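# Observations on the three-dimensional arrangement
Chain residues, written in single-letter form:
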Amino acid sequence: MSLSNALTTAAPDLSSRSIAYFSMEIALSPALPTYSGGLGMLAGDTLRSAADTCRPMVAISLVHRRGYFRQNLDDQGQQTEVDVPWSPETMLPSANRIVTLTVQGRELLVRAWRFDVTGVTGHIIPVFLLDTDVEGNDEWDRHLTDHLYGGDTYYRLCQEAVLGLGGVAMLQALGCKPSVYHMNEGHAALLSIGLLEEHLSGNPLREAQEIDLEAVRCQCVFTTHTPVPAGHDQFGLDHMYQVLGHERASAIERADCLHNGLMNMTYIALRFSRYVNGVAMQHGKVSQLMFPDYKVHSITNGVHAATWVSKPFQELLDAEISNWRTDNQYFRSVYGIDPARISACHVKGKQRLFDVVAKRTGQHFNPSVLTLGFARRVATYKRASLLLEDPARLVAIAEKIGGLQILYAGKAHPADAAGKGLIRDVFAAAAHLNSNALKILYLENYDWELGGLLTQGVDVWVNTPRRPYEASGTSGMKAALNGVPSLSVLDGWWIEGCAENVTGWAIDDAETEAAEAACLYDKLEQRIAPMYANPAAWARMQQHCIAINGTFFNTHRMVMQYFRNAYFPTTVVSEAATPTSPVKAPALDALLSEPTLA
Ligand SMILES: *Cc1c(COP(=O)(O)O)cnc(C)c1O
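This write-up is about the structure you can find in this document. (Residues numbered from 1 in each chain as written. Predicted model: local features only at pLDDT ≥ 70, side-chain atom pairs only at ≥ 80, totals over all residues. Heavy atoms only, no water.)

## A word on the site of the ligand
Neighbouring the ligand are 13 residues, the closest being Arg376, Gly473, Thr474, Ser475 and Lys478. Contacts to the ligand include threonine 474, whose backbone N or O atom sits 3.1 Å from an oxygen atom. Lysine 478 places a side-chain nitrogen or oxygen 2.6 Å from an oxygen atom of the ligand. Contributions of two or more residues to the shell around the ligand are made by helix H2 (38-52) and helix H16 (475-481). Tallied by class, the residues present in the shell around the ligand amount to 4 nonpolar, 5 polar and 4 charged. Two domains each put at least three residues into the shell around the ligand: domain 1 (4-298) and domain 2 (305-553). (Near = heavy atom within 4 Å. Polar contact = N/O pair within 3.5 Å; in protein donor to acceptor, adjacent residues only side chain to side chain. Helix = DSSP H or I, 4+ residues; strand = E, 2+ residues; numbered from the N terminus. Nonpolar A, V, L, I, M, F, W, Y, C, P; charged D, E, K, R; others polar. Domains from an automatic or database assignment.)

Spelled out as structure tokens, the structure:
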């Protein structure tokens, strides 16, 4: 992906873009610090697939001038953070528009930078990164779009006002008239208030009737991403009134969007969306229980295959399966490729990972030894230490099976003291356990690049969340696309992706952590190690991972499902025959702009 290209290309035509995708974070390029983890990666992969499959989308996010942070770890595993400043003006073309919002009772100027996500056939999804560092703004306001997930709740609410209200205003200023607004997580929920203001065309919000709210609802789609309560932003009413002003704040109250006496972004999004979904089948069901007053559907996440498949695999696929880049269904035909060639590609990925590890840390890993990977945002429910629950047993297994290597990575949020403690725990265990047979290493600064190296290079991807908190998880999908099986708790996507002994192994549910760890060790010793010792069987498993899971857990399929079920549902298409149907417009758009359904 070339950033310099973006400076020279003309803006794509926006008038035909029917879907506006709003996300607080989007991973656009390994060189840009505009994401923190899974949510941003998913947003970026969504847009990359939308570009490859020529979808009529446009996206909105914030510029995050100081980025998320770079993680440094000292030799005890103590995390410190450094900003990652970048200057959009030297890298991206300007949208050449400034919109004015009233936020915190004063005028706020918002401009935007355009990042073009370019698909394999040249189709572009323009992404507008909103920026409040504009001359004329209050000095404090100029830093509102600096820090992704930084600052306090007041700062966060201001940012969410910029994203939702600023995004709607910017699209209007650009002449873009989407028929569907997709809130990727509740952060973007205030776009509904922006749309309501637009719908009332100058009349005050207090005059909004149910029919006006319904008109906004018909335009909105909401994806919720976690059952963990901390993932659902809420704000005090004092902040709501202070930041949004009386007119908007009282409209939110009147529309029944408060929850437990607080402004809750998830409930605003639920109230204003005609379609709501979770990000895997089980997560949809769990979310349905959390929000019984709303219908919650499921669309399982995916990853952008061409972004995550290693170079050697890409070359193999290009040689054997033309069209896989535009149509991921072709991954199924990996069954026509000799498994030994698949293994050979994986060996290269493993060597590349170990070369980078050696260069970064001076530690040498052995490419012929079974290697496990565990990399994820550090949060208590992800239970990074389950693998280390019974150190004596782990060492015994390592000795018995001819060695074992474990690579860890993951960032804790700067304000999460408990999470930082978990990283130190892994360091302490590693220092204690490292021996000839067992090697454990925690790698610094888990990001796009390291995520790619790990999922392309380890032999088995491990995931041990406490059920049912893993909404989906996507790193295991990246691994699967590279022929890497998972050893995981049956949570999130793995409920759909696990075929025991074929695409990986399930860690069975148990009453205690010790019992779950015992299951993990049993599988490692009795199923995984013996198969790893049989290269033909292992190669066959690698092939299954790609052919079975690669074919499904990709964002080409996911985007197709959003178009079919959320943006332009088939039922809406049939209702469009009735002239009075309020959902007529998107339905017509569906017929005009949904090429793959034809
Ligand atoms: C894919 C990815 C994630 C999300 O992975 P999970 O399985 O949801 O933990 C997070 N961070 C990075 C850097 C990634 O590449």
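## As for H2
Helix length check: H2, at 15 residues, gives a terminal C-alpha distance of 21 Å against a target of 21 Å (1.5 Å per residue), a fit within 8%. Most of H2 is tucked away, with 14 of its 15 residues classed as buried. (Expected span 1.5 Å × (residues − 1). Buried < 20%, exposed > 50% of the residue type's maximum accessible area, 1.4 Å probe, protein only.)

## Points about the sheet that holds strand E12 (residues 262-264)
Read across the sheet, 3 strands follow the order E10-E12-E11 without closing on themselves; strand pairing throughout is antiparallel. Two strands bound the open sheet, and with one partner strand each, they are strand E10 (234-235) and strand E11 (258-259). Along the sheet, helix H6 (residues 237-244) makes contact with E10, E11 and E12, crossing E12 at roughly 65 degrees. (Pairing = 2+ DSSP bridges. Contact = heavy atoms within 4.5 Å. Axes fitted to C-alpha atoms, helices over the stretch in contact; angles between N-to-C directions.)

## Some thoughts on the side chain of lysine 478
With respect to the element layout, lysine 478 can be found in helix H16. Buried within the structure, lysine 478 lacks any salt-bridge partner; aspartate 45 is the closest side chain of opposite charge, at an N-O distance of 5.9 Å. The residues contacting lysine 478, other than those within four sequence positions of it, are Met41, Val303, Trp308 and Thr455. (Lys, Arg positive; Asp, Glu negative; His and termini not counted. Salt bridge = Lys/Arg side-chain N within 4 Å of Asp/Glu carboxyl O.)

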